Amino acid sequence: MQPNTFLKQKFVERKSKNASYSIRAYARDLGLSSGRLVDILNDKVPVGPRLAATLADRLKLSEQDSESFVRNAISDKARRREEGHIQRELLDEEFAIIADPIHYDILNLLETKNFRNDSTWIARRLGTSVEKVEAALENLTKLKLVTQSVNGKLKRTNNGITTSEGHIDAAIRQSHISGLHAAIASFEKHSVEERDMSSITMPVNCDKIPEAKEMIRTFRRRLSQFVQAGPKTEVYTLKIQLFPRTEKIQ
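These numbers come from a predicted model, not from an experiment.

(A) Highlighting the nonpolar core. In terms of nonpolar packing, the biggest core is built from 23 residues, with Ile106, Phe115, Ile122, Val133 and Leu140 touching the most fellow members. Elements with a contribution of two residues or more to this core: helix 7 (102-109), helix 8 (119-126), helix 9 (130-142) and helix 10 (170-189). Non-local contacts of Ile122, meaning those with residues more than four positions away in its chain, are made with Ile106, Leu109, Phe115, Arg116 and Val133. Counting 22 residues, the second largest nonpolar core, distinct from the first, contains Leu30, Leu32, Val45 and Leu61.

In structure tokens form, the structure reads like this:
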């Protein structure tokens, strides 16, 4: 049974015992945002093996049912990857090679209207050097994230890439720092009509941070789907920062 079908079944069982039991309550019990849970139930996003193990624990499944649920999650993820419906999760050593944001800029520029397979043109579009573009293309080709046809046309080979959730190392930190510097530069380069920079500072209940992170992930996916509909002409980066401003006192 596919993970989403199993989760739907469990929701029906709970609702049969309590008619007022809602998706929001189910999401809370599973430690997910309601938006992400809805996407999972509708089979829009997969349940990875690590999340499956967490959900099995929250559902208080038996050892046998837990193992079956995780196995099905692994099989479903493999199927989606084979069909090209899932992002490729980079290994740490792979991400270290392409930590510089220019690699992701190029991958997305490839999908824009009127893309030119020319290093000089790419460099002009990204405001960088031809040498840096060619080095990045070499890295992307090495990792098989980009292929080149016999006529020299570049093409992405995947449905997107991601890093392992929650993992932090020097390469990832440096990538985020580079992205933040690019955001600062955008204040000088782009008009308010072209960008949106905003923030909010608030007191928080720290027990809600895991669910808040899930809500941010769901928002990122939905916004990405929304802005990619129709002809794509430019490459944008969305950065959302949620971090403490206070220091814990023992």
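(B) Region of interest: the pattern of salt bridges. Under the criterion given, the structure shown has 9 salt bridges. The residue Glu13 makes a salt bridge to Lys10 at a minimum N-O spacing of 3.6 Å. Here Lys10 and Glu13 lie together in helix 1 (residues 3-17), a separation of 3 residues that amounts to about one turn. For Lys10, a relative accessible area of 19% puts it in the buried group.

(C) Looking closely at unusual backbone geometry. A positive phi is found at Lys60, a non-glycine position, where the angle reads about 60°. Non-glycine residue Asn114 carries a positive phi angle of around 65°.

(D) Here's a closer look at the packing of aromatic side chains. Evaluation of the coordinates by the stated rule reveals 5 aromatic pairs. Taken together, a centroid distance of 5.0 Å and an interplanar angle of 35° make the contact between Phe6 and Phe69 tilted. Of this pair, Phe6 sits in helix 1 while Phe69 sits in helix 5 (residues 63-83), placing them 63 residues apart in sequence. Neither Phe6 nor Phe69 differs from the other in exposure class; each is buried.

(E) How the structure looks around the environment of Asn117. Within the fold, Asn117 resides in the loop between helix 7 and helix 8. A relative accessible area of 38% places Asn117 in the partly exposed class. In the structure, Asn117 is positioned 35 residues away from Gly152 in sequence and 7.7 Å away in space, judged by C-alpha atoms.

(F) Main features of helix 10. End to end, helix 10 covers 28 Å across 20 residues, agreeing with the expected 28 Å (1.5 Å per residue, within 8%). Buried residues along helix 10 sit in contact with helix 6 (92-97).

What counts and how
- Residues numbered from 1 in each chain as written.
- Predicted model: local features only at pLDDT ≥ 70, side-chain atom pairs only at ≥ 80, totals over all residues.
- Heavy atoms only, no water.
- Core = buried A, V, L, I, M, F, W, Y, C linked by side-chain atoms within 4.5 Å.
- Buried < 20%, exposed > 50% of the residue type's maximum accessible area, 1.4 Å probe, protein only.
- Helix = DSSP H or I, 4+ residues; strand = E, 2+ residues; numbered from the N terminus.
- Contact = heavy atoms within 4.5 Å.
- Salt bridge = Lys/Arg side-chain N within 4 Å of Asp/Glu carboxyl O.
- Phe/Tyr/Trp six-rings, centres within 6.5 Å; stacked < 30°, edge-to-face > 60°.
- Expected span 1.5 Å × (residues − 1).

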